[in-house]
Amino acid sequence: MTVRVLGILLTAGAVLLPAPARAHHHRLQAGGFEGLVLTLAPDPARPATLYAGVFGQGVFKTTDAGETWTESSAGLADLSVRALLVDPATTDRLFVGTDGGVAVSTDGGRQWREVGLSARAVRVLLGEPAGTLYAGTGEGLYATDDAGRTWREENLGLAAKDLRALARDPRSGTLYAGAFGGLFRRPPGRTEWEPAAEGLPDLPLRALAVGPAGTLYAGTAGTGVFRSEDGGRSWRGASRGLAHRVVLALLGGPGPGQVLAGTLGGLFASGDGGGEWRYLGNRATFLSFTSIVRAADAGGTLYAASGGLILKSTDGGERWADASGTVRRPGYGPAGEPSRATTPP
């Protein structure tokens, strides 16, 4: 399984590795999901509920903070899940992006139906408070205001359309789109994207995050992390101490200057906006991380996806435990029997 999922990971996010990355040790571990966990989505109203998108296996759901997981893919025609989004206004409504378009569930993942973009591979989803849903694909950006019943292209000024990351600054409302080939921004009320990559030496972008104070972070596919204090008009390197420069995921906050980076060779944290990075925790060292999210509980529980595992931290990332739990699949053996439990290495 290790060779297979590493190939998927590189195709999904990394491109060719630079020499230091090839020399650096990295691991992908199998788990009860039997596939690569590419994306995680917390329920903003139920802190113990989390969804996982597993490439080739579909969607899985936990309601007990990772103790048990249940396959939740009924009606999902394409199981190559790359993106998940929980509607913050109606948390029983979920959207999933696959190699076969976008699907929606209105009952917490029990049943899915396709809602468009069926000929496109959807790699990233982003929702706006007003209700607009954006889908980033290999052919550009698409938007819907009616939960997928109708879609429109929003590619004016988007010179590179192989989109890998989307982010929104909640303070200004500015949208950012990262692609393999460029970075772009669009202020609210505008219809045209404008370049935002001045000073970025590495344009295959894989991850974007906006910190609480408005700092914009960009994770690249070979030269680490960069930061901007002016909405992407200028950038500077922010990778000191980042031992692995292929960045697959970023998460800003909860405090100013705090940011997490998931790379192809480990999970890192910075408390000064990327000025200095350090390895995080026991189980997190040298694993490859594809998604990092924060639950809505008072303690800000963190979840991170690595290979076929999901890890959990309740102390800000200092220590991590396996949260892959027991994975149940409908129709496997006697009713309620777990399909396969994850065995910690």
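Read on for an overview of the structure. (Residues numbered from 1 in each chain as written. Predicted model: local features only at pLDDT ≥ 70, side-chain atom pairs only at ≥ 80, totals over all residues. Heavy atoms only, no water.)

### Considering the packing of aromatic side chains
- Summed over the entire model, instances satisfying the criterion amount to one aromatic pair.
- One Lys or Arg, Arg-164, reaches over the ring of Phe-180 and ends 3.9 Å from the middle of that ring. (Phe/Tyr/Trp six-rings, centres within 6.5 Å; stacked < 30°, edge-to-face > 60°. Lys NZ or Arg CZ within 6 Å of the ring centre and 35° of its normal.)

### Some points on the environment of Ser-80
- Note on placement: Ser-80 falls in the loop between strand E4 (68-71) and strand E5 (81-86).
- With 26 residues separating them along the chain, Ser-80 and Val-54 place their C-alpha atoms 7.2 Å apart.
- Residues within four places of Ser-80 in sequence aside, it is in contact with Phe-55, Gly-56, Gly-97, Thr-98 and Asp-99.
- Looking at Ser-80, its side chain comes within polar contact range of the side chain of Asp-78, at 2.3 Å.
- Reaching out from Ser-80, the side chain makes a polar contact with the backbone nitrogen of Asp-99 at a distance of 3.2 Å. (Helix = DSSP H or I, 4+ residues; strand = E, 2+ residues; numbered from the N terminus. Contact = heavy atoms within 4.5 Å. Polar contact = N/O pair within 3.5 Å; in protein donor to acceptor, adjacent residues only side chain to side chain.)

### Concerning the nonpolar core
- Membership of the largest hydrophobic core comes to 16 residues, with the highest contact counts inside it found for Phe-33, Val-37, Leu-40, Trp-69, Tyr-303 and Ile-310.
- Residue assignment for this core shows that the elements contributing at least two residues are strand E1 (36-42), strand E2 (50-55) and strand E26 (302-306).
- With three residues, E2 is the largest single contributor of residues to this core.
- Ignoring any residue separated from it by four or fewer positions in sequence, one finds Tyr-303 in contact with Leu-40, Leu-50, Ala-65, Ser-291, Ile-292, Val-293, Ala-295, Ile-310, Leu-311, Lys-312, Trp-320 and Ala-323. (Core = buried A, V, L, I, M, F, W, Y, C linked by side-chain atoms within 4.5 Å. Buried < 20%, exposed > 50% of the residue type's maximum accessible area, 1.4 Å probe, protein only.)

### Observations regarding the sheet that holds strand E21 (residues 247-252)
- Pairing within the open sheet is antiparallel, and its four strands lie in the order E21-E22-E23-E24. Of all the strands in the sheet, the pair left with one neighbour each is E21 and strand E24 (278-279). (Pairing = 2+ DSSP bridges.)

### A word on the layout of surface pockets
- Approximately 250 Å³ is the volume found for the second largest pocket.
- Along its surface, the second largest pocket is lined by 15 residues, and Gly-253, Pro-254, Gln-258, Leu-260 and Gly-316 are the ones closest to its centre.
- When contributions to the lining of the second largest pocket are tallied by element, the ones reaching two or more residues are strand E22 (259-263) and strand E23 (266-270).
- Of the residues in the lining of the second largest pocket, the class split is five nonpolar, seven polar and three charged. (1 Å grid on protein atoms, 1.4 Å probe; cavity = no way out; pocket = protein on both sides within 12 Å on 5 of 7 lines; lining within 4 Å. Points joined across faces, edges and corners; volume = space filled by probe spheres on them. Nonpolar A, V, L, I, M, F, W, Y, C, P; charged D, E, K, R; others polar.)

### Side note on the sheet that holds strand E10 (residues 133-137)
- Strands sit in the order E9-E10-E11-E12 across an open sheet of four strands; the sheet is antiparallel. The sheet is open, and its two edges are formed by strand E9 (122-127) and strand E12 (152-153), each paired on a single side.
- In the sheet, strand E11 (residues 140-144) pairs with E12 via two bridges, with the strands oriented antiparallel. Residue pairing across strands places Tyr-142 opposite Glu-153, the latter belonging to E12.

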